[in-house]
Amino acid sequence: MSTPRTVLVIGGGAAGNAATILLRRAGIAVDLIEAKDDWNATAGSGITLQGNALRVLRELGVWEQVEKSGYGFAAVGITAPDGTILHVADDLRTGGDDLPATVGMQRPQLQRILIDAVRASGATVRLGVRAESLEQDGAGVTVRCTDGTEGHYDLVIAADGLGSTTRAAIGIPDKPEPTGMAIWRIAAPRPAGLTRTDLAFGGPAYIAGYCPTSESTLYAYVVEANRDRASLPTTSYADEMRALARHYGGHWPEITRHITDPTQVNYTWFDRMLVEGSWHRGRVVLVGDAAHCCPPTLAQGAALSMEDAWVLAEMLTAADAWEDALFQAYYERRIHRVRPVVEASVQIGQWQLDGVRDADIPGLMGRTMTMLRELP
Ligand SMILES: Cc1cc2nc3c(=O)[nH]c(=O)nc-3n(C[C@H](O)[C@H](O)[C@H](O)COP(=O)(O)OP(=O)(O)OC[C@H]3O[C@@H](n4cnc5c(N)ncnc54)[C@H](O)[C@@H]3O)c2cc1C
């Protein structure tokens, strides 16, 4: 390409932010548009970042901040509903031996770190803005936005998440489908002595778990069958979550005392989606949840999303021509890694929905995590 390259990134979540930072580092001009006025109005309380996510965050230059803000640990406990510890397994260091196996973080902290890095990258950021129309020609895409601006870009990166309207606009018909499960989540103070994730399988819910997110905080979650949202007024959220959580022992009684404010409780259905065949049409390419999503049974959604951004940025930066073959190669490189994670994440939930008692969950987790140790 002889003229300077220009990219529009649609969506300022983990995937869009990561792509922006890496493309700017390569000297590519990036405009980022984010639909929300408040860029850090992130839903959900905490996030579990596995080593392969930390590896990308290190590549983005923000690992030290993540390490300082989050809570690193290296094992996962399996407990009975009453809190009796049944098994403690070392987490695999999927990001390599020089990174922790896992870091728990408050979601707004992670987003703040990424936002600051995007701002520092020199990208142009417009908040409260969506793409209204995309018109492709042989050399790129003309994009009209809801703020009345129009621009021509060599490439559009659709990082607008699960419900991506960009995906639909370029004629990719896939839509997320509910897996049958839903999760209640809340941030709470971290009880002394709670230093890793413990998962209780069984009891009134499928899973009750928690993850430390800093020296003083954690996020706790309870997974049950999804229910009609209309019958769940948001004012009842704390009561609903507490009604499930109170059946669990160990650290749960202390956590449950803090499940009081319904506005602090998040209720979300689990979805799955995997776009197959290709993740682009012309010069519009999907990354992150816009291309694939999985229930968080392996806590891999954001990790895979940031990996997409890393791989795409690396391929764009190395290529002379941004053409069909490049975008297809990006898809081929990603699908072999993403598909097994989506399938394993869905399978783990399905075994629980089906009541399969002898399912080899640790075996499937182990095989999937071993695969993720490889560089993306
Ligand atoms: C309950 C739950 C728990 C999870 N836990 C984990 C976990 O522990 N670890 C993990 O790795 N992953 C986890 N995930 C998955 C993770 O949250 C997602 O995979 C990740 O956030 C996807 O990032 P993204 O940037 O692709 O999309 P998003 O984070 O959804 O970001 C998309 C952005 O695009 C913006 N946007 C949307 N439409 C437009 C538009 N038209 N124009 C402009 N902007 C737009 C949105 O406002 C948003 O900011 C979990 C998911 C769920 C549901």
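As named in an unreviewed UniProt entry, the protein is FAD-dependent oxidoreductase, taken from Streptomyces sp. NBC_00119.

1. Points about the domain arrangement of the protein
Entries for the protein in the domain assignment read domain 1 (6-71 + 101-176 + 271-371) and domain 2 (179-270). Computed over C-alpha atoms only, the centres of domain 1 and domain 2 are separated by 26 Å. Each side of the interface is counted separately: domain 1 has 21 residues, and domain 2 has 22 residues. When domain 1 packs against domain 2, close to 1,800 Å² is buried across both sides, 62% of that on carbon and sulfur atoms. Three residues stand out in domain 1 for area buried against domain 2, namely Tyr71, Gln352 and Leu353, and they jointly supply 36% of the buried area on that side. Taken together, domain 1 and domain 2 are joined by zero salt bridges. The tally of links between domain 1 and domain 2 comes to three residue pairs in polar contact (both at pLDDT 80 or more). Mapped onto the side of domain 1 that touches domain 2, the elements with two or more residues apiece are β3 (46-50), β7 (102-106), β17 (266-274) and α9 (324-353).

2. Points about helix α6 (residues 237-245)
Within the span of α6, buried status applies to Tyr237, Ala238, Met241, Leu244 and Ala245. End-on, the buried residues of α6 take up no more than an arc of 135°, which puts them together on one face. Each element contacted by the buried residues of α6 is listed here: β13 (177-189), β16 (217-225), α7 (252-256) and β17.

3. Some remarks on the site of the ligand
The environment of the ligand is made up of 31 residues, and the closest members are Ala15, Glu34, Thr48, Asp289 and Ala302. Here alanine 302 contributes a backbone N or O atom positioned 2.9 Å from an oxygen atom of the ligand. Relative to its unbound accessible surface of 990 Å², the ligand loses 84% to contact with the protein. Elements supplying a minimum of two residues to the shell around the ligand: α1 (14-25), β2 (29-34), β3, β13 and α8 (301-318). Among the elements that make up the shell around the ligand, the one with the highest residue count is α8 (four residues). If you count residues domain by domain, the shell around the ligand takes at least three from each of domain 1 (6-71 + 101-176 + 271-371) and domain 2 (179-270).

What counts and how
- Residues numbered from 1 in each chain as written.
- Predicted model: local features only at pLDDT ≥ 70, side-chain atom pairs only at ≥ 80, totals over all residues.
- Heavy atoms only, no water.
- Domains from an automatic or database assignment.
- Contact = heavy atoms within 4.5 Å.
- Buried area = accessible area lost by both parts, 1.4 Å probe.
- Salt bridge = Lys/Arg side-chain N within 4 Å of Asp/Glu carboxyl O.
- Polar contact = N/O pair within 3.5 Å; in protein donor to acceptor, adjacent residues only side chain to side chain.
- Helix = DSSP H or I, 4+ residues; strand = E, 2+ residues; numbered from the N terminus.
- Buried < 20%, exposed > 50% of the residue type's maximum accessible area, 1.4 Å probe, protein only.
- Arc of directions from axis to C-beta.
- Near = heavy atom within 4 Å.
- Areas by Shrake-Rupley, 256 points an atom, 1.4 Å probe, with all protein chains shown as cover.

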